[in-house]
Amino acid sequence: MMHGLMSSSDCWVIRGLKDALAFQLVERGYDVWLGNARGNTYGSRHSRMTTSDRQFWRFSWHEIASTDLPTMLDYVLAETQQSSLHYIGHSQGCTIVFVLLSTLPQYSEKFKSLNLLAPAAFMANVRAPIFRLLQPIFGRYSPVNELLGDTPLLQIPILHKLVGLDKCRMGQSNPEYCASLLYFMSGGYSAYFNHSLLVDVFSSHPSTASTHQAIHYLQLEASGKFRQYDFGREGNMLRYNNTLPPKYPLENINPRFPLHLYYSDYDELATRKDIEKLSKILGNRSVDHFVGLKDFSHIDFIWGNNIDEVINRPILQVIADTEEKVAENK
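Conventions used here
Residues numbered from 1 in each chain as written. Predicted model: local features only at pLDDT ≥ 70, side-chain atom pairs only at ≥ 80, totals over all residues. Heavy atoms only, no water. Helix = DSSP H or I, 4+ residues; strand = E, 2+ residues; numbered from the N terminus. Buried < 20%, exposed > 50% of the residue type's maximum accessible area, 1.4 Å probe, protein only. 1 Å grid on protein atoms, 1.4 Å probe; cavity = no way out; pocket = protein on both sides within 12 Å on 5 of 7 lines; lining within 4 Å. Points joined across faces, edges and corners; volume = space filled by probe spheres on them. Nonpolar A, V, L, I, M, F, W, Y, C, P; charged D, E, K, R; others polar. Disulfide = S-S within 2.5 Å. Phe/Tyr/Trp six-rings, centres within 6.5 Å; stacked < 30°, edge-to-face > 60°. Lys NZ or Arg CZ within 6 Å of the ring centre and 35° of its normal.

## Describing unusual backbone geometry
For the peptide bond that leads from His205 to Pro206, omega is -5 degrees, which places it in the cis range. Along the polypeptide, Pro206 turns up in the loop between helix 10 (198-204) and helix 11 (211-223). One non-glycine residue with positive phi stands out, namely Met6, at about 60 degrees. Here Met6 is to be found in the segment before helix 1 (16-19). Backbone geometry places Ala118, a non-glycine residue, at a positive phi of 50 degrees. Examined against the element boundaries, Ala118 turns out to sit in the loop between strand 2 (111-117) and helix 5 (129-138). Since its relative accessible area comes to 0%, Ala118 is described here as buried.

Below, the structure is given as structure tokens:
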């Protein structure tokens, strides 16, 4: 299970023993591995650098997808003595799978089912105010990208105090304000988020990440394409031998069983229009699971109070059905 941007493995257990999908999978006898992306709360150790070194933060989700994710997959499969596994991702946790399967298609054999919640790939129709605010600054290459990119995303103590993150973390602020702050940062208003989760959410979120990860998404919004990081004309020539970054070859994605895409109309980050564009490209290589509920937003795919019925049960059924197909094919 892989989390989204500015998140960590904590996101999968915040709903508690009854509703969290991670615990429901354990109850059904599955080994459950909760991944953490480099740079987050649990991914800040390095053999030669510390988080104070600018070079430590010189990565985007491309490196997480092309280096870290395959390493994690290989580790889990070696530890469990299995040849393949089920995968569940949220937001960036889906982005990295699209990158992996398009650039290293041999990894298709290592997946059984892939359940992708609010999958972020094409970003042209993002409606989140924070994206609309920052895209004109960071959406196209400038020296500012390099200057701020090599830093942890939004990890400025004075900013945390100004917006009240610390008070939300300690439960000392108005719950309505803290919820609004969460919605602003995380993809829109939710009608299904329980305010009783606020302290737990803010205790672990926003987690650290590289600013390059956010810049990469802003570049996708500006270009309307799903492609590699834009280092500017000269940087692109050095890295890609082209003035523009290459598109990820989605035509290379060839899963054993179709990818399952879960999305809604009220997610301001992973929008319906962008996901259905992705779905059209994938064709019969994907299955759509549209959540037609009003105000079911980006965070509801992992924290909604109706998650058991809307998300967990369909995923558990997909996993069970896939297990049957795998058994039949042996």
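What follows picks up the thread again.
## Topic: empty space enclosed by the protein
Following the criterion strictly, the structure yields two cavities of 30 Å³ or more and no others. Space inside the largest cavity adds up to approximately 70 Å³. As for the largest cavity, its lining consists of Met1, Cys11, Trp12, Asp19, Ala20, Leu21, Leu117, Phe301, Ile302, Ile307, Ile311 and Asn312. Those elements that provide at least two residues to the lining of the largest cavity are helix 14 (300-303) and helix 15 (307-329). At three residues, helix 15 tops the list of elements feeding residues into the lining of the largest cavity. The residue makeup of the lining of the largest cavity, split by class, is ten nonpolar, one polar and one charged. One number sums up the size of the second largest cavity: a volume of about 30 Å³. In terms of lining residues, the second largest cavity is bounded by His3, Gly4, Leu5, Met6, Ser7, Ala37, Arg38, Asn40, Gln92, Thr208, Ala209 and Gln213. Of the residues in the lining of the second largest cavity, the class split is four nonpolar, seven polar and one charged.

## Observations regarding the state of the cysteines
Overall, the coordinates contain one disulfide when judged by the stated rule. Looking at Cys11, it has no disulfide partner, and the nearest cysteine sulfur is the one in Cys94, 11 Å off. Accessibility expressed as a relative area gives 1% for Cys11, which makes it buried.

## With respect to the packing of aromatic side chains
On inspection of all chains with the given rule, the structure shows 17 aromatic pairs. Taking the centre distance of 5.7 Å and the plane angle of 90 degrees together, the rings of Tyr87 and Phe111 count as edge-to-face. Taken as a pair, Tyr87 in strand 1 (residues 85-90) and Phe111 in strand 2 lie far apart in primary sequence, 24 residues in all. Ring plane angle 45 degrees and centroid distance 4.8 Å describe the contact between Tyr229 and Phe231, whose orientation is recorded as tilted. By the ring-pair criterion, three or more aromatic residues cluster together here, those being Trp61, Phe122, Tyr217, Phe226 and Tyr248. When the ring centre of Phe59 is taken as origin, the NZ or CZ atom of Arg38, which lies over that ring, is 5.1 Å away.

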